[in-house]
Amino acid sequence: MKEHLSLLNNSEKKCEQIIKLEENWYNLSLELENNKKIVGEFIFIKSSLKKTEIDIVSGLIKLLEANLEKNGFWSNIANFTAVKQLRKILKLSQFEVSYENLARLKSELDLALMNCNLLKIESDIQKIGNLHVLIEQIKQMIDIKVNPNSPTEFMYAAAELFNVLYIFGGCLIGGGIIMPSIWIPIKIHKRNTQQIKNEEQRKN
């Protein structure tokens with residue numbers, strides 16, 4: 001029974017992690033869509049960027065901003081190299097260094113980072129598991145048979161299961177998310193636990 005409860009608790013924690021990540025993904029996706037409306041069609045970033053590429057571009061922007069008013073030999077060399085690297089990453093035929101273009105690129109880069117974070121969240125969710133599969137596992141574990149010749153043992157085991165699921169359900173409500181497929185096994189289990197208590201009272 002302890003092993004069963006451990007498996008149930010593990011599935012519960014995975015569900016909580018997935019739901020939290022999905023909530024983060026949803027909020028971030030809304031923010032991304034709203035910012036896209038403000039920024040409009042991209043001018044410099046035409047394809048998806050990896051996190052490492054975003055970090056490099058961000059560093060190049062800072063370098064070009066710092067050297068924008070400088071005309072020294074080494075500054076020109078640094079700017080030339082930075083622009084060349086920038087064009088390579090962004091697949092641009094040309095890039096004119098100016099305050100306006102750098103500001104525009106920074107705005108687009110912020111959105112690219114949001115999109116990158118969305119993909120990271122999706123990857124994290126996939127690593128944890130499938131929410132619907134985990135819910136089915138919880139439903140199946142609730143149906144486990146405890147010694148039928150010992151109603152008291154069954155009752156306490158069922159009550160312990162119910163407490164675990166009640167915490168799980170409370171977490172979902174606390175996060176502002178209600179998932180009927182998750183609440184179904186909770187309600188069924190609560191009903192079965194009450195039936196066991198009634199049977200015990202009748203026997204006594």
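Below: a short report on this structure. (Residues numbered from 1 in each chain as written. Predicted model: local features only at pLDDT ≥ 70, side-chain atom pairs only at ≥ 80, totals over all residues. Heavy atoms only, no water.)

Before going further, it helps to spend a moment on the side chain of Arg104. Positionally, Arg104 belongs in helix α4 (residues 99–128). Of note is the side chain of Arg104, whose polar atom sits 2.9 Å from the side chain of Glu108. Excluding its chain neighbours within four sequence positions, the residues that come into contact with Arg104 are Val39, Gly40, Glu41, Phe42, Ile43 and Phe44. (Helix = DSSP H or I, 4+ residues; strand = E, 2+ residues; numbered from the N terminus. Polar contact = N/O pair within 3.5 Å; in protein donor to acceptor, adjacent residues only side chain to side chain. Contact = heavy atoms within 4.5 Å.)

What follows deals with α4. For α4, spanning 30 residues, the distance from its first C-alpha to its last is 44 Å, which sits close to the expected 44 Å at 1.5 Å a residue. Positive backbone phi, approximately 145 degrees, marks Gly129, located one or two places after α4. (Expected span 1.5 Å × (residues − 1).)

Here we take up the packing of aromatic side chains. Summed over the entire model, instances satisfying the criterion amount to two aromatic pairs. Ring geometry for Phe44 against Phe95: centres 5.0 Å apart, planes inclined by 65 degrees, an arrangement best described as edge-to-face. A residue pair is termed long-range when its members are at least 10 positions apart, and Phe44 in the loop between α1 (2–39) and α2 (51–66) and Phe95 in the loop between α3 (73–90) and α4 qualify at 51 residues. The class of Phe44 is buried, set by a relative accessible area of 10%. Ring plane angle 75 degrees and centroid distance 5.1 Å describe the contact between Phe73 and Trp74, whose orientation is recorded as edge-to-face. (Phe/Tyr/Trp six-rings, centres within 6.5 Å; stacked < 30°, edge-to-face > 60°. Buried < 20%, exposed > 50% of the residue type's maximum accessible area, 1.4 Å probe, protein only.)

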